[in-house]
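These are the residues of each chain, in order.
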Amino acid sequence: MAELDTSQQGGHKKGPGVKKAKKLSTRVDLTPMVDLGFLLITFFIFTTTMSQPTALRLYLPKDTEKQEEQSKVKNSGALTILMNRDNNVYYYEGELLPDGSNFKTSNFMDIRQVILDKKRNTKPEDFVVIIKPGPDATYKNTVDMLDEMFIGDVKRYALVDITPQDLQFIAATEGVPPSGFTAPASN
Amino acid sequence: MTAMCDVAFLLLAFFILTTKFKPDEALSVTTPKSVSTRTLEGKDIVLITMDKDGKVYFSVDDMNRPEKLQIIEEVNEMKALNLTDAEKAAFARNGSFVGVPFSQLKSYLQRDPSEIKNLQQPGIPVTDSLNNELQVWIRAALTAFQGKKMNILLKGDNEAKYPSFKGVIDALKKNEQFKFSLVTDPEGIPPDSELGRRAAREGASVTDQ
């Protein structure tokens, strides 16, 4: 244990290390104070630098060109990802077939692999991911999906509105109609 | 040993003095996480907040007081609200934000700051595409910031539903603002992903976008 040396070397009559009996020691052990000091320092070091929120840049296409852009994209290279309540994720490649045979269900963990597989199988200039959040999807779902674009190194992606046809298949899979959507009578 | 003690307290004093406390936010929002490491813009910020119920709030950086005054002037003219100078000054106050429709704006600006902290505001209406009030606010902000680059920050709660987000995006698109930043918390890059592999090759700056 460290000790503060307050003794004087020249004044001892009885030799080193010999203390007079019944005299109270005036030595104060300062190790705990130094420990506390360092604890407080580390606390302040960590609180000054750690709380920086980060920014995720989002670039949107102009609305007027959207129709042309959607038809220019080669359908075979497009991967559409839909999201709705309870963190449900659905996807299909290319265009949605009327009988819904290519409508598949997934979740946030597996979608990373789906994106990766599609990316590997498509030419870079044809590969585009279309993200369609449904009316019950949370903001977190949308940001997580945008983050997946970043993680998967997807260069082209678009955030577009969900179509009634997509909503129909979601309603069929979830069993509950999405908010604000009424399924048409004829199927 | 005394010397070490002195050094320890000197360092401690240094860090105490250089700690900047975050300004007290009236709205508590849990932002989602992302792997981006790009830091937020520091000035000329227009902040749009979405809380967990999807309510939208609009505020401007405290450093831009002249722009704030101009914004409230524009809104007053455009919507014929007949705001008094005191109410306009209340808007330009530090830390102020708006979360009410235009119809309630006058009475909202008359309130005390301590009242506002406990007030449950209805939020700026954005979901109705015909009456997207945020669009008006953004247009006023654009006029106020004329010539200078305005940094739009979108801070949303995890639980906010997509329709509010879409309303905010539409308001921005109609004002020709296509570039903005989403405020997120930092998160580590998953190592076994494309980005993870790129990071291993090129270094950590790959997430700075």
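Residues numbered from 1 in each chain as written. Chains lettered and ligands numbered in written order. Predicted model: local features only at pLDDT ≥ 70, side-chain atom pairs only at ≥ 80, totals over all residues.

S.K.: Mind showing me how you'd approach the overall build of chain A here?
M.R.: Looking only at helices and strands, chain A has 5 helices and 6 strands in total. When the elements of chain A are put in sequence order from the N terminus, they spell out α-β-α-β-β-β-α-β-α-β-α. Looking at chain A residue by residue over its 187 residues, the buried ones come to 26%. Counting only contacts in chain A whose residues sit at least 6 apart along the sequence, the fraction spanning at least 24 positions is 64%. (Helix = DSSP H or I, 4+ residues; strand = E, 2+ residues; numbered from the N terminus. Buried ≥ 20, exposed ≤ 12 C-beta atoms within 10 Å, placed from the backbone. Contact = placed C-beta atoms within 7 Å.)

S.K.: How should the overall build of chain B be read in this particular structure?
M.R.: Of regular secondary structure, chain B possesses 8 helices and 5 strands. Each helix (α) and strand (β) of chain B, taken in turn from the N terminus, gives the series α-β-β-β-α-α-α-α-α-β-α-β-α. Referenced to the eigenvectors of the C-alpha coordinate spread, the extents of chain B come out at roughly 70 × 50 × 35 Å. When the 209 residues of chain B are sorted by exposure, 33% land in the buried category. Taking all contacts inside chain B whose residues are at least 6 apart in sequence as the whole, residues at least 24 apart take part in 71%.

S.K.: When you look at the environment of Glu133 of chain B in this model, what are you seeing that I'm missing?
M.R.: Residue and element names in this part refer to chain B. Of note, Glu133 is situated in helix 6 (residues 133-144). Owing to 24 C-beta atoms within 10 Å, Glu133 belongs among the buried residues under this scheme. Placed 17 residues apart in sequence, Glu133 and Ile116 show a C-alpha to C-alpha distance of 21 Å. Other than its neighbours up to four places away in sequence, Glu133 contacts Pro101, Phe102, Ile124, Pro125 and Val126.

S.K.: It is not clear to me how the interface of chain A and chain B should be interpreted in this structure. Could you clarify?
M.R.: Size of an interface: often given as the accessible area lost when the parts come together. At the junction of the two partners, chain A supplies 43 residues and chain B supplies 50 residues. Secondary structure elements with two or more residues in the side of chain A that touches chain B: helix 1 (31-49), strand 1 (54-59), helix 3 (111-121) and helix 4 (139-151) of chain A. No other element matches helix 1 of chain A, which puts 10 residues into the side of chain A that touches chain B. Tallied by class, residues from the side of chain A that touches chain B come to 24 nonpolar, 10 polar and 9 charged. (Nonpolar A, V, L, I, M, F, W, Y, C, P; charged D, E, K, R; others polar.)

S.K.: What is the right way to look at helix 6 of chain B in this model?
M.R.: Structural remark: α-helix, 3.6 residues per turn; residues separated by three or four positions point the same way. Residues and elements named next belong to chain B. With 12 residues, helix 6 extends 17 Å between its outermost C-alpha atoms, agreeing within 8% with the 16 Å of an ideal straight helix rising 1.5 Å per residue. Glu133, Leu134, Gln135, Trp137, Ile138, Ala140, Ala141 and Ala144 are the residues of helix 6 that are buried. Looking at the buried side of helix 6, the elements it contacts are strand 2 (45-50), strand 3 (56-60), helix 2 (65-79), helix 4 (102-109) and helix 7 (162-174). (Expected span 1.5 Å × (residues − 1).)

S.K.: I keep staring at the pairing of strand 3 of chain B and nothing clicks. Help me out?
M.R.: Consecutive residues of a regular strand have side chains that alternate between opposite faces of the sheet. Residues and elements named next belong to chain B. Burial analysis of strand 3 places 5 of its 5 residues in the buried class, the great majority of the element. Here strand 3 shows two buried faces, one formed by Val56, Phe58 and Val60 and the other by Tyr57 and Ser59. Bridging between strand 2 and strand 3 involves 5 bridges; their strand directions are antiparallel. Paired with Thr49 across the strands is Tyr57, a residue of strand 3. Between strand 2 and strand 3, which pair antiparallel in sequence order, lie 5 residues; one of them, Gly54, sits at a positive phi of approximately 85°. (Pairing = 2+ DSSP bridges.)

S.K.: Help me understand the nonpolar core, please; the structure alone is not making it clear to me.
M.R.: Across soluble globular proteins, you tend to see nonpolar side chains buried next to one another. Formed by 70 residues in total, the largest nonpolar core has its most connected members in Ile81 and Tyr91 of chain A together with Val56, Leu134, Ala141 and Val168 of chain B. Leaving out residues up to four positions away in the same chain, Tyr91 of chain A has contacts with Leu79, Thr80, Ile81, Leu82, Lys104, Ser106, Ile111 and Val114 of chain A. (Core = buried A, V, L, I, M, F, W, Y, C linked by C-beta atoms within 7 Å.)

S.K.: What's the story with the sheet that holds strand 5 (residues 128-133) of chain A in this structure? I'm lost.
M.R.: Within a sheet, neighbouring strands are paired by backbone hydrogen bonds and run either parallel or antiparallel to one another. All names here are of chain A. The strand order across the open sheet built from 5 strands is 4-3-2-5-6, with neighbouring strands paired in mixed fashion. Bordering the open sheet on either side are strand 4 (104-106) and strand 6 (157-159), each of which pairs with just one other strand. The average angle at which neighbouring strand axes cross in this sheet is 25°, direction not considered. Relative to strand 5, strand 2 (residues 78-84) runs parallel, the two sharing 6 bridges. Within strand 5, the position partnered with Met83 by the bridge is Pro133. Relative to the sheet, helix 3 contacts strand 2, strand 3 (88-93), strand 4 and strand 5, its axis offset from that of strand 3 by approximately 15°. The strands that helix 4 touches are strand 2, strand 5 and strand 6; relative to strand 5, the one it contacts most, it runs at about 175°. (Axes fitted to C-alpha atoms, helices over the stretch in contact; angles between N-to-C directions.)

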